[in-house]
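Each chain, written out:
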Amino acid sequence: MATPDRATLLRGPAYATHDSATILFGEDLLVELVTEFFDVASSSHGRIGRRIKNRYVEIKGVPLMWSDLAKLFPYATLNIGDVIFGATDKPMVITPRNGRPLTIANVMPFALPGISLHTAKPILRGMTWRGLVANASDPSAAASYFSFGSNGTNVAQTGLDLTKIPNTLYSAGYNSATYRAQDGFDIDFSLGLEPEHENELHLNYRVTELEAAAKFAPIGKTEADYATLMGWDGVAIGGSPYAGALVITGAGTGAPIVTLAGMQVQSGGVAYGARPLRTGEVQLASIRSVTSGNLNALWTFAAVE
């Protein structure tokens, strides 16, 4: 028996382009071609078949460098009930060093990445995109979901720009005070989605929830400063504590500025011991605001000029 052709033993990295943005990855990029089945069952014979009810493509990776951060977070202004896939398909093209490029026909972000604003951590954590059947196309055709292009060898992995891999010190402005963090600022997003489907075939997703949360452990603050941050004073039970923008700004020209709107302090605490800082981690969560019947942007991204 002959050994396999070594040219068919494919390995190697890839970069992605989506919505005119280039994305390079810090870890492996994984693509899963998902088929969901339903059983054909008989009381006398048990399961006698499996048939297809839904198909989609799942793309998972940890973005390390990107040409447009807003393209990874496109939902800041969506209202509850809005859909995430528009009338025009947005394909994702994954170009490997060796082998055939993979085009996924109709892709949008599905689980938003967490953000770590820290001197020594990647700014983004893992995220997920989802590819659905192309708009108004045949769901029984593989090309309605994905296709492989022409074979390539030693393809240049273009687009690397170290200036777009930010690591710096950060400070946060909140309620007229400035805060530094012991271990950076961590941000997470909660995106709830409900499928829009024909029978069981998913054609789109509608937003059911969109919230943000942030946490950091302030340093260089007294107990009195910390008590002010917690915001307990003067707020009655049943009342609404302060909610305002949390603006996290990096040091130096070109560093990111991340603004989260309508953030409220949720919890915190102080510690006593030989090792922990007295002022403990503070957690904040968003509330949405409305102008002319529409939700205001939950986040914005900018850069220090």
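Preceding this paragraph is the structure being described.
Keep in mind the model is a prediction, meaning the values are calculated, not measured.

Asks: Please provide a residue-by-residue account of the overall build of the chain, values included.
Replies: Counting its secondary structure elements, the chain contains 1 helix and 22 strands. Per-residue burial for the chain yields a buried fraction of 36% across its 305 residues. Element-wise, carbon and sulfur atoms account for 51% of the exposed surface of the chain, whose accessible area totals about 16,900 Å². Each charge sign in the chain was given a centre, from 23 positive and 27 negative side chains, and these centres are 7 Å apart.

Asks: Account for the environment of K60, with residues named and values stated.
Replies: Relative to the elements of secondary structure, K60 occurs in strand 4 (residues 46-61). Taking the relative accessible area as the measure of exposure, K60 reaches 42% and is therefore partly exposed. Separated by 51 residues in the primary sequence, K60 and A111 place their C-alpha atoms 9.3 Å from one another. Filtering out sequence-adjacent residues up to four positions away, K60 remains in contact with D28, L29, L30, M127 and T128.

Asks: So what about the pattern of salt bridges? Which residues, and what values?
Replies: Inspection of the entire model under this criterion finds 9 salt bridges. Residue K71 pairs with D68 through a salt bridge whose shortest N-O separation is 3.9 Å. Residues joined by salt bridges that share partners form a network here, namely R125, D186 and D188.

Asks: Tell me about the nonpolar core, and name the residues and values.
Replies: Counting residues in each nonpolar core, the largest one holds 62 residues, and the members touching the most others are L260 and W299. In terms of residue count, the dominant contributor to this core is strand 15 (residues 201-216) (7 residues). With residues near it in sequence (within four places) discarded, W299 still touches F73, Y75, A76, L112, F189, L210, T259 and L260.

Asks: Got a sec to walk through the sheet that holds strand 3 (residues 30-42)? Specific residues and values, please.
Replies: Pairing between the strands of a sheet comes from backbone hydrogen bonds, and it takes one of two forms, parallel or antiparallel. Spatial ordering of the open sheet is given by 3-4-10-8, a layout of 4 strands whose pairing is antiparallel. Edge positions in the sheet fall to strand 3 and strand 8 (107-111), since each of these pairs with one other strand and no more. When the angles between neighbouring strand axes are averaged without regard to direction, this sheet yields 40°.

Asks: Break down the packing of aromatic side chains for me, citing the residues and quoting the values.
Replies: Applying the stated criterion across every chain, the model contains 11 aromatic pairs. Here F85 and Y205 contribute two aromatic rings whose centre-to-centre distance is 6.5 Å and whose plane-to-plane angle is 40°, an arrangement assigned as tilted. Here F85 is found in the loop between strand 5 (63-66) and strand 6 (92-96), whereas its partner Y205 is found in strand 15, with 120 residues between them in sequence. For F85, a relative accessible area of 4% translates into the label buried.

Asks: Lay out the pairing of strand 15 in plain terms, naming residues and giving numbers.
Replies: Note that strand 14 (residues 185-198) and strand 15 share 13 bridges and pair antiparallel. Looking across to strand 15, one finds that E198 is bridged to L201. Joining the antiparallel neighbours strand 14 and strand 15 is a turn of 2 residues, in which N199 adopts a positive phi near 55°.

Asks: Break down the side chain of R130 for me, with residues and values.
Replies: Structurally, R130 can be placed in strand 10 (residues 127-131). Polar side-chain contacts of R130 include one of 2.9 Å to the side chain of Y205. Beyond its immediate chain neighbours, meaning those up to four positions away, R130 contacts Y56, V57, E58, F85, N106, V107, M108, F110 and Y205.

Asks: Outline the sheet that holds strand 1 (residues 14-18), supporting the account with residue identities and numerical values.
Replies: Reading across the sheet, the 6 strands line up as 5-2-1-6-7-11 and stay open at both edges, with antiparallel pairing between neighbours. Two strands lie at the open edges of the sheet, namely strand 5 and strand 11 (146-148), each paired on one side alone. The sheet shows a mean angle of 20° between the axes of neighbouring strands, taken without regard to direction. In terms of strand pairing, strand 6 meets strand 7 (residues 102-104) through 3 bridges, oriented antiparallel. The residue bridging V93 from the neighbouring strand is T103, located in strand 7.

Calculation rules
- Residues numbered from 1 in each chain as written.
- Predicted model: local features only at pLDDT ≥ 70, side-chain atom pairs only at ≥ 80, totals over all residues.
- Heavy atoms only, no water.
- Helix = DSSP H or I, 4+ residues; strand = E, 2+ residues; numbered from the N terminus.
- Buried < 20%, exposed > 50% of the residue type's maximum accessible area, 1.4 Å probe, protein only.
- Areas by Shrake-Rupley, 256 points an atom, 1.4 Å probe, with all protein chains shown as cover.
- Lys, Arg positive; Asp, Glu negative; His and termini not counted.
- Charge placed at Lys NZ, Arg CZ, Asp CG, Glu CD.
- Contact = heavy atoms within 4.5 Å.
- Salt bridge = Lys/Arg side-chain N within 4 Å of Asp/Glu carboxyl O.
- Core = buried A, V, L, I, M, F, W, Y, C linked by side-chain atoms within 4.5 Å.
- Pairing = 2+ DSSP bridges.
- Axes fitted to C-alpha atoms, helices over the stretch in contact; angles between N-to-C directions.
- Phe/Tyr/Trp six-rings, centres within 6.5 Å; stacked < 30°, edge-to-face > 60°.
- Polar contact = N/O pair within 3.5 Å; in protein donor to acceptor, adjacent residues only side chain to side chain.

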